[in-house]
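So you can see what is in the structure, the chains are spelled out below.
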Amino acid sequence: MPRKAVITGIGHTAFGRLEGRSVRDLEIEAIRLAVADAGFERADIDGLITDPGPAQPVIDGIEPHYLALGRQLGIDPDFVGTEVLGGASSVSSVQRAVMAIEAGLCSVCLCVYGDTALSASGSFSYGRGAEAAFGFFGATGLHALAAQRHMARYGTRPEHLAEVAMAARAHAMQTPHAQLKRPLDLDGYLASRMLAEPLRRADCCLISDGAAAVVVCAADRLADLATPGINVLAMGQAHSLSTIANADHFDQTPAARCGPATLARVGVTAADVDVALLYDCFTIVVLMQLEAYGFCRLGESGPFVTGGRIAPGGELALNPTGGLMAEGYGGGMLHVIEAVRQLRGTAGARQVAGARLALVSGHGLGMNTHASLVLGG
Amino acid sequence: MNDTARPDTKILADPFPDARRQGRLLAAECRACGHLFLPFGPVCPRCWSIDIGQRQMSGAGEVATFTIYRQSYHPDFPAPYVLALIALAEGPRLISNVIGCAPEQVHIGMAVSVRFVPRGDQVLPLFVPVTSPARNPEIQGDTP
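Just so we're clear, the structure is a prediction, and the values are computed from it rather than from any experiment.

Novice: Describe the overall build of chain B, and please don't skip the residues or the numbers.
Specialist: What chain B contains, in helices and strands, is one helix and eight strands. Along chain B, helices and strands appear, N-terminal first, in the series α-β-β-β-β-β-β-β-β. The burial tally for chain B puts 31% of its 144 residues in the buried class. Residue pairs in contact within chain B that sit at least 24 positions apart in sequence constitute 48% of those at least 6 positions apart.

Novice: Pulling in residues and values, what's your account of the overall build of chain A?
Specialist: Along chain A, the regular secondary structure elements total eleven helices and 13 strands. The C-alpha atoms of chain A give a radius of gyration of 19 Å, which matches the 21 Å a tight globule of 377 residues would have. Projected onto its principal axes, the C-alpha positions of chain A cover 55 × 45 × 40 Å. For chain A, the residues scored as buried account for 59% of the 377 residues in total. Restricting to contacts in chain A with at least 6 residues of sequence separation, those with at least 24 account for 78%.

Novice: Explain unusual backbone geometry residue by residue, including any values.
Specialist: Omega for the bond connecting Glu197(A) with Pro198(A) falls within 30 degrees of zero, at 5°, which places this linkage in the cis form. As for its position among the elements, Pro198(A) is in the loop between strand 7 (194-196) and strand 8 (199-200). Here Leu38(B) and Pro39(B) are connected by a cis peptide whose omega angle stands at -5°. Here Pro39(B) is to be found in the loop between strand 2 (36-37) and strand 3 (52-56).

Novice: Would you mind going over the sheet that holds strand 2 (residues 47-52) of chain A in detail, with residue names and values included?
Specialist: All names here are of chain A. Strand order in the open sheet formed by nine strands is 5-2-6-9-1-10-13-12-11, and the pairing between neighbours is mixed. With one partner strand each, in any of the chains shown, strand 5 (79-82) and strand 11 (275-277) form the two edges of the open sheet. The average undirected angle you get between the axes of adjacent strands in this sheet is 25°. Helix 1 (residues 23-38) contacts strand 1 (5-12), strand 6 (108-116) and strand 9 (209-218) of the sheet and is inclined by roughly 35° relative to strand 9.

Novice: Can you tell me about the nonpolar core, naming the residues and giving the values?
Specialist: All names here are of chain A. Within the largest apolar cluster, 158 residues are counted, with the highest numbers of intra-cluster contacts made by Val214 and Val216. For this core, the element with the highest residue contribution is helix 5 (residues 158-172), accounting for nine residues. Dropping the residues within four chain positions of it, Val216 is found in contact with Ala5, Ile7, Val94, Ala97, Val98, Ile101, Cys109 and Cys111.

Novice: Explain the packing of helix 7 (residues 255-265) of chain A against helix 8 (residues 283-292) of chain A to me, using residue names and the numbers behind them.
Specialist: Residue and element names in this part refer to chain A. One way to put it is that helix 7 packs onto helix 8 with a least axis distance of 8 Å and a crossing angle of 45°. Compared by their axis directions, helix 7 and helix 8 come out oblique. The handedness of the crossing between helix 7 and helix 8 comes out as right-handed. The segment helix 7 lies against helix 8, with Ala255, Ala256 and Gly259 engaging Met288, Gln289 and Ala292. Its residues placed into classes, the contact of helix 7 with helix 8 shows four nonpolar, two polar and no charged.

Novice: So what about helix 1 of chain A? Which residues, and what values?
Specialist: Residue and element names in this part refer to chain A. Given a rise of 1.5 Å per residue, 16 residues ought to cover 22 Å, and the 23 Å separating the end C-alpha atoms of helix 1 matches this to within 8%. Residues of helix 1 that are buried: Val23, Leu26, Glu27, Ala30, Ile31, Ala34, Val35 and Ala38. The buried residues of helix 1 occupy an angular sector of 160° when projected down its axis, which confines them to one face. Contacts made by the buried residues of helix 1 are with strand 1, helix 2 (65-73), strand 6 and strand 9. Count one or two residues on from helix 1 and you reach Gly39, which has phi positive near 80°.

Novice: So, the environment of Asp280(A): which residues are in play, and what are the values?
Specialist: All names here are of chain A. Relative to the assigned elements, Asp280 resides in the loop between strand 11 and helix 8. Overall, Asp280 belongs to the buried group, with 30 C-beta atoms counted inside 10 Å. Distance from Asp280 to His65, taken between C-alpha atoms, is 25 Å for residues 215 residues apart in sequence. Among all residues touching Asp280, those that are not within four sequence positions of it are Ala168, Cys205, Val285, Val286, Asn319, Gly323, Leu324 and Met325.

Novice: Could you give an account of the sheet that holds strand 1 (residues 26-30) of chain B, with specific residues and numbers?
Specialist: The strand order 2-1-3 (chain B) describes an open sheet built from three strands, whose pairing is antiparallel. Strands with a single pairing partner mark the edges of an open sheet, and in this sheet they are strand 2 and strand 3 of chain B.

Novice: Quick rundown of the interface of chain A and chain B? Include the residues and the values.
Specialist: Every contact between the two is made by 32 residues of chain A and, on the other side, 35 residues of chain B. For the side of chain A that touches chain B, the secondary structure elements donating two or more residues are helix 4 (138-154) and strand 7 of chain A. The dominant element in the side of chain A that touches chain B, judged by the number of residues it contributes, is helix 4 of chain A, at seven residues.

Novice: A description of the confidence of the model for chain B should follow, citing residues and the corresponding values.
Specialist: Residue and element names in this part refer to chain B. Counting all residues, the mean pLDDT for chain B is 85, and 81% of those residues have values of 70 or more. The spread of mean pLDDT over the elements of chain B runs between helix 1 (residues 17-21), the lowest at 79, and strand 4 (residues 60-69), the highest at 98. Taken as a whole, residues 1-5 scores under 50 in pLDDT and shows eight contacts with residues more than four places along the chain or in a different chain. Residue range residues 133-144 is modelled with pLDDT below 50. Its contacts to residues more than four positions away, or to other chains, number 13 contacts. We note a pTM of 0.94 for the whole complex and an ipTM of 0.94 for its interfaces.

Novice: I'd like to hear about the packing of helix 4 of chain A against helix 8 of chain A, residue by residue, with values.
Specialist: Residue and element names in this part refer to chain A. Interaxial distance between helix 4 and helix 8 falls to 9 Å at its minimum, and their mutual angle equals 55°. In terms of orientation, helix 4 and helix 8 fall into the oblique class. For the crossing formed where helix 4 meets helix 8, the hand is left-handed. For the pair helix 4 and helix 8, the contacting residues are His143, Ala146, Ala147 and His150 in the first and Ile284, Val285, Leu287 and Met288 in the second. Here the residues of the contact of helix 4 with helix 8 sort into six nonpolar, two polar and no charged.

Novice: Describe helix 5 of chain A, with residues and values.
Specialist: Over its 15 residues, helix 5 of chain A extends 21 Å from the first C-alpha to the last, a length consistent with the 21 Å expected when each residue adds 1.5 Å. Of all 15 residues making up helix 5 of chain A, 13 are buried, and the element is well covered by its neighbours.

Novice: So, the environment of Arg119(B): which residues are in play, and what are the values?
Specialist: Take Arg119(B): it is sitting in strand 7 (residues 111-119). It is 23 Å that separates the C-alpha atoms of Arg119(B) and Thr65(B), two residues lying 54 residues apart in sequence.

Conventions we followed
- Within any chain, residue numbers begin from 1 and follow the written order of that chain's sequence.
- Working convention: letters from A go to chains and numbers from 1 go to ligands, in the order in which they are written.
- Owing to the predicted nature of the model, reporting of local features is limited to residues with pLDDT of at least 70; listing and counting of side-chain atom pairs is limited to 80 or more, with chain, interface and lining totals taken over all residues.
- To qualify as a helix, a DSSP run of H or I must reach at least 4 residues; to qualify as a strand, a run of E must reach at least 2; elements of each kind are numbered from the N terminus.
- Three classes are used. A residue is buried when 20 or more other C-beta atoms lie within 10 Å of its own, exposed when 12 or fewer do, and partly exposed in between, with C-beta atoms placed from the backbone.
- Contact definition: two residues whose C-beta atoms, as placed from backbone geometry, lie within 7 Å.
- As a reference, a globule follows 2.2 Å times the number of residues to the power 0.38, and the radius of gyration itself is taken over C-alpha atoms.
- When DSSP locates at least two bridges between a pair of strands, those strands are taken to pair.
- A fitted line through C-alpha atoms represents every axis, and for helices the fit uses only the stretch in contact; the resulting angles, taken between N-to-C directions, go from 0 to 180 degrees.
- Note on definitions: a nonpolar core is a set of buried residues drawn from Ala, Val, Leu, Ile, Met, Phe, Trp, Tyr and Cys, linked by C-beta atoms within 7 Å.
- Here the word oblique covers every angle except those under 35 degrees (roughly parallel), over 145 (roughly antiparallel) and from 65 to 115 (roughly perpendicular).
- By convention, the crossing between two helices is left-handed when the near helix turns anticlockwise from the far helix through less than a right angle, and right-handed when the turn is clockwise.
- Ten residue types, Ala, Val, Leu, Ile, Met, Phe, Trp, Tyr, Cys and Pro, are classed as nonpolar, four, Asp, Glu, Lys and Arg, as charged, and the remainder, Gly among them, as polar.
- Each residue after the first adds 1.5 Å to the expected span of a helix.
- This arc is taken over the directions from the axis of the helix to the C-beta atoms.
- Known as pLDDT, the predictor's per-residue confidence is scaled from 0 to 100.

Have a look at this one:
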């Protein structure tokens, strides 16, 4: 009989500007916390999947990231990997751990995100391949192209983008470890510096130093069999590998395929989701995912979020920590961790009463990658 | 990440720089299925034929989407400037700039045509509004 994998441990460092901390130091702190949370010890770990943040090398010379980290941990695991799906990598790292455990390749697998992107020198305004010849720089410009089309096609307005940013800030006020605890109102949003129209600074996620880790294990290996762990009810990925010149590239992300298919695998719809942890690198990405997953119809995400529907106490519990926009840039691992907290009932002031079904998404690279998890308590 | 990793602003691996210097905009054409596509590649993304030729485009197109960069990320690109996805009349799309009008005049669906502009040691296909003098009398030149 195939083994079943569950999520059993979570841990993360502080997020923000952490001067003097190395990325290895942060990753190891998160790992120690997650392993302790699961009730395991170093010797129990037989799998390691890493998600190096945007300022970390996936491979340094010939040394892949899992090896650079693994050397420090002094472990000889049975399964390793480093995810390269950009912002979808935290979700896909958990997926890879589940698949490895259920296929019998390992039993107790660590999934680790870490970065020192904020204190590292340099910037994220990298050129976008050959198109840098036309001044195409950074992720903001790319997502601005999608936002501009969404506005032209559906009448989405700056006030709709503002709802997403304002909700994230309001949520972060209830998150003790949040990096950005400063409320934002509409005037503040509209006064935020325009970067690439229609996206302002306030439409962008944070850049952070920090690390976050999750332990996935075979259900028969739980340290405390009385504590059942969090079930992974469904997983999915969808990607768009064609160029941005493709006709519909800016009209929908691969979430439009990934979302409905993943929810259908466990026989639920968006209406059944108690808490949604959607990857929120830019406000427009949240709006597009609300449509893709079926929380609202195509083109209606702007009106959907209006009136505080995704703000604290609103009808839809979306990113209760403040997410990438205000909690901190944790790749997507902080989204997985909050889903686990909500399903355990340990989210404190942010707890969604009776949360039983959580959705976690990841979105990455040039709107090329998408991954989803449906988790249940 | 560090400051020495300044973006390369050359068009990478463009097989036909001479065509651009001659003022011709080329797209890849699949000789098996007729699909026209950009950027150039060794295989047709629609049918996987490797029998790929080239076809000259008219240079007419429209703005499929765009952004006005208000923040400058590179000394060669002072803000504001318009980055746009251009849908050519024949079908292929490409990222380029719209010049020759105020950035605020650019809109999705705007008719544009190609204008080859030297930039450094390259010649780039940029796009200018197709103006109707009666409708847009203020647009005369092709300078940004």
